[in-house]
Amino acid sequence: DGGITQSPKYLFRKEGQNVTLSCEQNLNHDAMYWYRQDPGQGLRLIYYSQIVNDFQKGDIAEGYSVSREKKESFPLTVTSAQKNPTAFYLCASSKGRPTEAFFGQGTRLTVV
Amino acid sequence: KQEVTQIPAALSVPEGENLVLNCSFTDSAIYNLQWFRQDPGKGLTSLLLIQSSQREQTSGRLNASLDKSSGRSTLYIAASQPGDSATYLCAVKVGDSNYQLIWGAGTKLIIKP
């Protein structure tokens, strides 16, 4: 089955630690995206990549980093510089610019 | 700057009722508008996509309308069922790329048996 897989589903981080969220897709999609979702707010774009080895900052990129070394993978690192990282993180992908995006099941990150 | 608003934030109705969810946007220059469903702790599932040139789209018991001039879209759910309980989000596409989506905060719908 084709789809987008995010792991882990739940992640706990101590303050001052970096953590990496995984996003893998087998849909042969060129573009991939990372969103952050907080209660009572719309999704906010963190980073996006439209092609391998290239990515762009979204609206709230500070404290986050990404890489796109393979078409299938777009990991997100939440660094210690992110002041309020507790949130639900969603990864998405799309075939091209105008086509609709498909979403993974999300990772809930909690700082303890 | 485009803003998307969904009111109410939460809605509870008895099973079997027809209901309407609202999505408003401030700038009528949009490429399309999309409705998504999100179950608790899960990702998003696309329900309906309306292109800017269209007035409505239908899928089963769901009907979405778009009125660009008034900056409004509605999602109509007929004969609601407990399985329809979820959060419904709308997103407006303001450019030809998917990173150019502006999201509403969602309406949490509870269908009471």
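Refer to the preceding data block for the structure.
Per chain, the residues get numbers from 1 upward, laid out in the order the sequence is written. A letter from A marks each chain and a number from 1 marks each ligand, given out in the order of writing. With pLDDT at 70 or above as the cut-off, local features in this predicted model cover only qualifying residues; side-chain atom pairs require 80 or more to be listed or tallied, and sums for whole chains, interfaces and linings still use all residues. The side-chain figures draw on all heavy atoms in the structure; neither hydrogens nor water molecules are used.

Engineer: Looking at this structure, I do not really get the state of the cysteines. What am I missing?
Structural biologist: A disulfide bridge is the covalent bond that connects two cysteines by way of their sulfur atoms. All names here are of chain A. Sulfur atoms of two cysteines make up a disulfide when they are within 2.5 Å. With the rule as written, the count across this model stands at two disulfides over all chains. A sulfur-sulfur distance of 1.9 Å marks the disulfide that ties C23 to C91. For the disulfide bridge between C23 and C91, the dihedral angle about the S-S bond is near -75°, and by the sign convention the bridge is left-handed. With C23 in strand β3 (residues 19-25) and C91 in strand β9 (residues 87-94), this pair connects stretches of sequence that are 68 residues apart. Both residues of the pair, C23 and C91, count as buried. The helix count covers DSSP runs of H or I at least four residues long, the strand count covers runs of E at least two residues long, and both are numbered beginning at the N terminus. Think of it in three bands: residues with accessible area under 20% of the maximum for their type are buried, residues over 50% are exposed, and the middle band is partly exposed, with areas taken using a 1.4 Å probe on protein chains only.

Engineer: What should I look at first to understand the layout of surface pockets in this one?
Structural biologist: The gaps of empty space that remain are located by a probe, the size of a water molecule, rolled over the atoms. Only protein atoms enter the 1 Å grid used here. Points where a 1.4 Å probe fits but cannot escape make up a cavity, open sets with protein on both sides within 12 Å along at least five of seven lines make up a pocket, and a residue lines them when an atom lies within 4 Å of a point. Grid points are joined across faces, edges and corners, and a volume is the space filled by probe spheres set on the points. Of the voids in this model, the largest pocket is the one considered here, and its volume is about 510 Å³. Taken together, 26 residues line the largest pocket, and the ones lying closest to its centre are Q37(A), P39(A), G40(A), Q38(B) and T87(B). Those elements that provide at least two residues to the lining of the largest pocket are β9 and β11 (107-111) of chain A together with β9 (86-93) and β11 (107-112) of chain B. The element contributing the most residues to the lining of the largest pocket is β11(B), with four residues. Looking at side-chain class alone, the lining of the largest pocket contains 11 nonpolar, 11 polar and four charged residues. In this structure, the second largest pocket encloses a volume near 380 Å³. Residue lining of the second largest pocket: 17 residues in total, with L43(A), D59(A), K1(B), L101(B) and I102(B) positioned closest to the centre. For the lining of the second largest pocket, the secondary-structure elements that each account for two or more residues are β5 (44-51) of chain A together with β10 (101-103) of chain B. Of all the elements, β10(B) adds the most residues to the lining of the second largest pocket, at three residues. Amino acids are sorted into nonpolar (Ala, Val, Leu, Ile, Met, Phe, Trp, Tyr, Cys and Pro), charged (Asp, Glu, Lys and Arg) and polar (every other residue, Gly among them). Looking at the lining of the second largest pocket residue by residue, the class counts come to 10 nonpolar, three polar and four charged.

Engineer: I would appreciate a short explanation of the nonpolar core in the present structure.
Structural biologist: Across soluble globular proteins, nonpolar side chains have a tendency to be buried as a group. Residues L33(B), W35(B), L75(B), I77(B) and Y88(B) are the most contacted members of the largest nonpolar core, which totals 22 residues. Contributing elements (two or more residues each) for this core: β3 (19-25), β4 (32-38), β5 (44-51), β7 (62-67), β8 (72-77), β9 and β11 of chain B. Contacts are residue-level and defined by heavy atoms, with any inter-residue pair within 4.5 Å sufficient. With residues near it in sequence (within four places) discarded, Y88(B) still touches Q6(B), L21(B), W35(B), F36(B), R37(B), L47(B), L75(B), I77(B), G106(B), T107(B) and L109(B). We define the nonpolar core as a collection of buried residues of types Ala, Val, Leu, Ile, Met, Phe, Trp, Tyr and Cys that are connected through side-chain atoms lying within 4.5 Å of one another. Among the nonpolar cores identified, the runner-up in size contains 20 residues, and W34(A), I60(A), V66(A) and F74(A) belong to it.

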